[in-house]
Amino acid sequence: MELEEIIKGRRAVRKYEEKEIPFEHAKKILEAGIWAPSGSNLQSWEFVVVRDKEMIEKIKMASPGLFGNPAMLVIGCINKERAKRGGKIGYPMAMMDVAMAFQNMMLMAYSLGIGSCPVLSFNKVILKELLEIPEEVDPILIVTFGYPPFWPKPPRRRKEVIHLEKFGRAFEE
Amino acid sequence: MKNLEELLKSDEFKLLSFLITSARGCVDEPQLYGPLRLVDAAAKLIQILEKKGMATPEITKLRELIEEKEYTVMYSEEEFIAFLDELSKELAKLLKK
Ligand SMILES: Cc1cc2nc3c(=O)[nH]c(=O)nc-3n(C[C@H](O)[C@H](O)[C@H](O)COP(=O)(O)O)c2cc1C
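Now for a quick tour of the structure.

Calculation notes
Residues numbered from 1 in each chain as written. Chains lettered and ligands numbered in written order. Predicted model: local features only at pLDDT ≥ 70, side-chain atom pairs only at ≥ 80, totals over all residues. Heavy atoms only, no water. Contact = heavy atoms within 4.5 Å. Salt bridge = Lys/Arg side-chain N within 4 Å of Asp/Glu carboxyl O. Polar contact = N/O pair within 3.5 Å; in protein donor to acceptor, adjacent residues only side chain to side chain. Nonpolar A, V, L, I, M, F, W, Y, C, P; charged D, E, K, R; others polar. Helix = DSSP H or I, 4+ residues; strand = E, 2+ residues; numbered from the N terminus. Near = heavy atom within 4 Å. Areas by Shrake-Rupley, 256 points an atom, 1.4 Å probe, with all protein chains shown as cover. Expected span 1.5 Å × (residues − 1). Buried < 20%, exposed > 50% of the residue type's maximum accessible area, 1.4 Å probe, protein only. Arc of directions from axis to C-beta.

A look at the interface of chain A and chain B
It is common to give the size of an interface as the accessible area that goes away when the parts come together. Contact residues are listed per partner, giving 11 residues for chain A and 16 residues for chain B. Where chain A touches chain B, the interface holds 1 salt bridge. Where K14 of chain B meets E57 of chain A, a salt bridge forms, and the shortest distance between an N and an O atom there is 3.3 Å. Between chain A and chain B we count 6 residue pairs in polar contact (both at pLDDT 80 or more) in total. Of the residues in the side of chain A that touches chain B, the class split is 6 nonpolar, 3 polar and 2 charged.

Comments concerning the pattern of salt bridges
Scanning the entire structure with this criterion turns up 15 salt bridges over all chains. When the shortest N-O distance is used, the salt bridge between K93 of chain B and E90 of chain B registers 3.1 Å. Taken as a pair, K93 of chain B and E90 of chain B lie in helix α5 (residues 77–96) at a separation of 3 residues, close to a single helical turn. Each of the salt bridges in this network shares a partner with another, and the network as a whole consists of E57 of chain A together with D11, K14 and K51 of chain B.

A few points about the site of the ligand
As a structural note, the neighbourhood of the ligand is formed by 15 residues, with R11, A12, R14, P118 and R157 of chain A the closest of them. Each of chains A and B places residues next to the ligand. Here an oxygen atom of the ligand sits 2.9 Å away from a polar atom, N or O, in the side chain of R10 of chain A. In this structure, R14 of chain A approaches the ligand through a side-chain N or O atom, which is 2.7 Å from an oxygen atom. Alone, the ligand offers 630 Å² of accessible surface; in the complex the protein occludes 74% of this. When grouped by side-chain class, the residues that make up the shell around the ligand number 9 nonpolar, 2 polar and 4 charged.

Some details on helix α2 (residues 23–34) of chain A
Residue and element names in this part refer to chain A. Its 12 residues place the ends of α2 17 Å apart at the C-alpha level, agreeing with the 16 Å of an ideal helix rising 1.5 Å per residue. Buried residues of α2: A26, I29, L30, A32 and G33, and no others. Seen along its axis, α2 keeps its buried residues to an arc of 155°; they face one direction. The inward-facing, buried residues of α2 abut β1 (45–50), β2 (72–79), α5 (90–111) and β4 (137–146).

So, to be careful, I would describe these as geometric facts and stop short of saying anything about function.
See below:
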């Protein structure tokens, strides 16, 4: 698959088929994540992979923004201790790092025919309890993975957000 | 039903958990996510009625409408509000019966 096709084809998937993701593919997805760039090469991220059906069901109960029945969840976290080494900008930098890692994961997943959806609407307190995440680690984003019965239609992209040379000058007439 | 383990696995408990975590989420989230959680909870409640054999085709139609259009909240505010109006109209038809 061409890279452009992968980038444009990936969609936020909110309906999944009852089908497991082979461990080898899960590994490829996670591997793609940790090959993302990170500020000061701190790699202040932590990823908790959840494939157990019962645990997924429990996390769903604490995540109003999580739709469908995904086969796998990846919980992206910031290791605050490690992020501190980035100074005052350490934390926001780590958020960017996690986001970049997840984009890699979602694109790798799509290239394997696997759908995904980032989920910010979850209850941090409950998630930390359920997954026994230590105090110094902050879960910031869940991404769901699974096989979609269909690929949703792409939402329109704002073209006016691209500026050429100076702010306000259209990139494309 | 007095068995806690059974209760924790029930759809009613899932809805309860959804309501509490939504309440916390709504404090920080976009304003329109409040209505989204409410209609989503409505759809979950209809599912419970369906499983119990208490739903009628009219009620199922409401759930189908919610499931078809609730995600418009992420793509178009106008479309989402139009959907809420459509849902209200469908409900009005039932209330008038
Ligand atoms: C940081 C972030 C948080 C998101 N949180 C949620 C969420 O809680 N629930 C959800 O269904 N979608 C969530 N999404 C998915 C977006 O709604 C989706 O990416 C957007 O509508 C564009 O659609 P597309 O990904 O198919 O291009 C989130 C996306 C991002 C980047």
